[in-house]
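# Residue-level structural notes
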Amino acid sequence: MSVSVSPALAINVRNVSKRFGRVLALDDVNLSVPEGNVLALVGPNGAGKSTLIDILCTIGKPDSGHVEVSGIDAVRHPLKARQKLGVVFQEPTLDTRLTVRENLTFHGMVYQMCRSERRARADAVLELVELADWGNAVTRTLSSGMRRRLEIARALMHEPRILFLDEPTIGLDAQSRAKIWSYLETLRDTQGLTLIVTTHYIDEVEGSDAVYIIDHGKILACGAPDALKADYGRTLLKVSPRGEMVRATLVKRYPDAVETADGQLLIAIDQTVSADALLAELGTQLRGISVEQPSLESVFLSLTGRDLRDAPTGTSNGTRNA
């Protein structure tokens, strides 16, 4: 008789809480990630995502609770845990005065890699992110998308088992975002790397093994994308009103409507709401109307009443290129 064996956990978080003054940033959070999985942590600004990532990366400490990284108690043995981790922070951390290869070499020296190992790993990770021809370029000459790829390469220098990425595609154009995710999928498939990703882009998490939705420091729901859509998803009307008077009328009539970052209203369809009825009543007062089938976006709206795609801090100046 065969015996099934549960996969080992790359991350195991139990009852973690963290407070900053009067603000409870994390409230009794539980989270587990099997080795080789992709976990997406989604939530609006201030939800607690970055605080949780900081604790998992041993940058911060919880006020209470237990954190294990690759079986290591990350609170008691942070240095040992860091050997297993690679991190791509939300804010750029490259030294733009150094060349591409010098950034990688310095990282390898911090992790006490020998010269030959540093050289071999730099060649390998630059090839992976398609920067092999840019090794001698000064980092400040790279585009924003190329710098992001370099940060991923740097995080991989010491061959971590877990890679944390805090908003890895923030501010990048759609093509650059797709390229970043292509690299990440390759890492997962070829190296069995565990990926922990936070993102504001709900479309990016469809391929994740599990999605954790966090708001106000609490995990509201978790599961595979399809399971979350089945449990919490709703059919929505996406309405673009023509003018503030029409918008105000709709908001008054549907107080649970959520306004998106691009000015549209999301209204849950039920017995009292239909696209045909709104079109018949308002017609030319609407710029557009469409029916959105249950999606992770509607899951997030159902659980939080908020739009995940509120513009993250620091991205109001437009997109950046690859």
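In the block above lies the structure referred to throughout.
All values derive from a computational prediction rather than experimental measurement. (Residues numbered from 1 in each chain as written. Predicted model: local features only at pLDDT ≥ 70, side-chain atom pairs only at ≥ 80, totals over all residues. Heavy atoms only, no water.)

Scanning the chain from N- to C-terminus turns up 10 helices and 14 strands. Relative to the globule expectation of 20 Å for 322 residues, the C-alpha radius of gyration of the chain, 22 Å, shows essentially globular dimensions. Seen along its three principal axes, the alpha-carbon backbone of the chain occupies a region of about 70 × 50 × 50 Å. Looking at the 322 residues of the chain, the share that counts as buried comes to 46%. (Helix = DSSP H or I, 4+ residues; strand = E, 2+ residues; numbered from the N terminus. Rg over C-alpha atoms; globule rule 2.2 N^0.38 Å. Buried < 20%, exposed > 50% of the residue type's maximum accessible area, 1.4 Å probe, protein only.)

Let us look at the environment of aspartate 123. By secondary structure assignment, the location of aspartate 123 is in helix 4 (residues 115–128). Sequence spacing of aspartate 123 and arginine 101 is 22 residues, and the spatial spacing of their C-alpha atoms is 8.8 Å.

Time to look at the sheet that holds strand 13 (residues 265–268). Taken together, four strands build an open sheet; the order of strands is 12-13-11-14 and the sheet is antiparallel. In this open sheet, the two strands that pair with only one neighbour each are strand 12 (258–259) and strand 14 (286–292). Across four bridges, the pairing between strand 11 (residues 236–241) and strand 13 is antiparallel. Paired with leucine 236 across the strands is alanine 268, a residue of strand 13. Here helix 9 (residues 275–282) sits on the sheet in contact with strand 11 and strand 14, set at roughly 170 degrees to strand 14. Contacts between helix 10 (residues 296–304) and the sheet are confined to strand 11, strand 12 and strand 13, with strand 11 contributing the most and set at about 85 degrees to the helix. (Pairing = 2+ DSSP bridges. Contact = heavy atoms within 4.5 Å. Axes fitted to C-alpha atoms, helices over the stretch in contact; angles between N-to-C directions.)

Within the open sheet, the six strands sit side by side as 6-7-8-3-9-10. Their pairing is mixed. Lying at the two open borders of the sheet, with one neighbouring strand each, are strand 6 (85–88) and strand 10 (218–223). Taken over all neighbouring pairs, the strand axes of this sheet differ in orientation by 15 degrees on average, direction set aside. Here strand 3 (residues 38–42) pairs with strand 8 (residues 194–199) via five bridges, running parallel. Within strand 8, the position partnered with valine 38 by the bridge is leucine 195. Relative to the sheet, helix 5 (residues 144–155) contacts strand 6 and strand 7 (162–166), its axis offset from that of strand 6 by approximately 165 degrees.

Moving on, we come to the nonpolar core. In terms of nonpolar packing, the biggest core is built from 31 residues, with Leu104, Leu150, Ile152, Leu163, Leu165, Leu184 and Leu195 touching the most fellow members. Of all the secondary-structure elements, those providing two or more residues to this core are helix 3 (100–110), helix 4, helix 5, strand 7, helix 6 (174–191) and strand 8. Within the second largest apolar cluster, 28 residues are counted, among which are Val13, Leu85, Ile196 and Tyr212. (Core = buried A, V, L, I, M, F, W, Y, C linked by side-chain atoms within 4.5 Å.)

Where a strand is regular, its side chains alternate between the two sheet faces. Burial analysis of strand 7 places five of its five residues in the buried class, which makes it a mostly covered element. Residues Ile162, Phe164 and Asp166 of strand 7 are buried on one face, and the alternating residues Leu163 and Leu165, pointing to the opposite face, are buried as well. Looking at chain direction, strand 6 and strand 7 are connected through four bridges and run parallel. Residue leucine 85 lies in a different strand from strand 7, and its bridge partner there is isoleucine 162. As paired strands, strand 7 and strand 8 are joined by five bridges and run parallel to one another. Considered in strand 8, the bridge of leucine 165 is made with valine 197.

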